[in-house]
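Remarks on the overall topology
Each chain is listed here by its residues.
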Amino acid sequence: MKMFTISVAIAAYNGEEFISAQLDSILNQTVEVTEIVICDDNSTDKTWDIVQSYREKYPELFKIFRNDKNSGCSGNFEKALFCCSGDIIFLADQDDVWQENKVEKMLQPFTDPGILGVYSDSLIVDRNLESLNCTHLQLRGYSPARLGAMPQVETFARRVPPAAHDMAIRRKTLKYLLPFPRLKNVHDTFIGVAIAAQYGWAVIPETLTLFRQHGNNASNSGQKQTLAGMFRTAKKSIADDTFLWNAKLYSFTLARLKAQLDDKVEMLLKERVLHSENRSKMGKVNFFYRLWLIIEELFSFRYFRFARGIKSVIQDLLLR
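In this report, we go over the structure that sits alongside the text. (Residues numbered from 1 in each chain as written. Predicted model: local features only at pLDDT ≥ 70, side-chain atom pairs only at ≥ 80, totals over all residues. Heavy atoms only, no water.)

Quick notes on the state of the cysteines
Going through the model one piece at a time under the given rule, you end up with zero disulfides. Here Cys83 stays free of any disulfide, with the sulfur of Cys39 as its closest cysteine sulfur at 4.9 Å. (Disulfide = S-S within 2.5 Å.)

Structure below.
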């Protein structure tokens, strides 16, 4: 296999309880990494002391930085990625644990020069690393068969399958990935969509990360939802206007990548923007105009291409 230099980018914040286990799992890989880059987001616990102790023990391996003020998860990952020098960059959360062959497995597709990024699945576990009998891709509504059957760009435009902790990317992609759009918690989705828009992802449908759930995760993407929880999430997405967030994200993606997109992908992303803009409008107009927008999205099939089909129609009809 071709030899690559390998960076690991970690965005750390108040992770004293679990970060050592994650760092140890990275150090114990069957293929050694070249550097581990940690950006601490001005933690108030002992996280900085812990990462300093690792740098003292492995001075040639660890590059650590500390922000003067909190910049948020995406801003912190942005800085970590800027500081990486490896050919291949793995993104890592501070509270997970890697299977010992994660790097080895995920490097294999990069021997194809057309592959820009690789993602795998992760096993959802509790704070003690006991399995919760579900994987992250299952929670996102995907199976290996479904991922293989759906066109890559349309899959990611509907819902990005992996979280950042399941991703590895070529360093050369940073020239158009960074800086991230100035939207909250945007890095997973933007990286996913930007690489998919160039047909650049390969998937390894194996659980190569233990995705730890402990109540203080930076996101809730690893949590199962009850029917009541789904209702609350639907109401919250309306209250927070996540549709406008998506419209801004996909508009930004179109502008950033315009020179690299083929006509089919450009049209699809424009349709995605229109769908998000129309759903954002629905919270600001009267019932009859909202009904007209719902009908437009229904008969254009955009509810089925970019949302959850009839469930999203019901959400827009009854929960606004």
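Resuming the write-up.
Some words on the nonpolar core
Ranked by internal contacts, the top residues of the largest apolar core, which has 48 residues, are Leu81, Ile169, Leu177, Ile191, Trp201 and Leu269. The leading source of residues in this core is helix H9 (residues 187-196), at six residues. Among residues more than four places away in sequence, those in contact with Ile191 are Leu91, Met167, Ile169, Leu177, Phe180 and Trp201. Judged by nonpolar contacts, the second largest core, of 32 residues, contains Ile19, Leu61, Ala92 and Leu107. (Core = buried A, V, L, I, M, F, W, Y, C linked by side-chain atoms within 4.5 Å. Buried < 20%, exposed > 50% of the residue type's maximum accessible area, 1.4 Å probe, protein only. Helix = DSSP H or I, 4+ residues; strand = E, 2+ residues; numbered from the N terminus. Contact = heavy atoms within 4.5 Å.)

Things to note about the environment of Asn278
By the element assignment, Asn278 lies in helix H12 (residues 263-281). Along the primary structure Asn278 and Leu244 are separated by 34 residues, whereas in three dimensions their C-alpha atoms are 9.1 Å apart. Those residues in contact with Asn278 that sit more than four places away from it in its chain are Leu293, Glu296, Glu297 and Arg302.

Focus: the pattern of salt bridges
Within the structure shown, the criterion is met by 15 salt bridges. The residue Arg182 makes a salt bridge to Glu78 at a minimum N-O spacing of 3.1 Å. One end of the pair, Arg182, is in the loop between helix H8 (174-177) and H9; the other, Glu78, is in helix H3 (residues 72-82), with 104 residues separating them in the sequence. What emerges from the salt-bridge pattern is a single network uniting Glu271, Glu296, Glu297 and Arg302. (Salt bridge = Lys/Arg side-chain N within 4 Å of Asp/Glu carboxyl O.)

Regarding the environment of Asp95
Positionally, Asp95 belongs in the loop between strand S4 (88-92) and strand S5 (97-98). Judged by relative accessible area, which is 9%, Asp95 ranks as buried. Put simply, Asp95 and Glu35 are 60 residues apart on the chain and 19 Å apart in space, counted from C-alpha to C-alpha. Among the polar contacts listed, one links the side chain of Asp95 to the side chain of His214, at a separation of 2.7 Å. (Polar contact = N/O pair within 3.5 Å; in protein donor to acceptor, adjacent residues only side chain to side chain.)

Describing the environment of Ala157
One can find Ala157 in helix H7 (residues 152-158). For Ala157, a relative accessible area of 2% gives the class buried. In sequence terms Ala157 and Glu78 are 79 residues apart; their C-alpha atoms lie 22 Å from each other. Among all residues touching Ala157, those that are not within four sequence positions of it are Tyr250, Leu268, Arg272 and Phe306.

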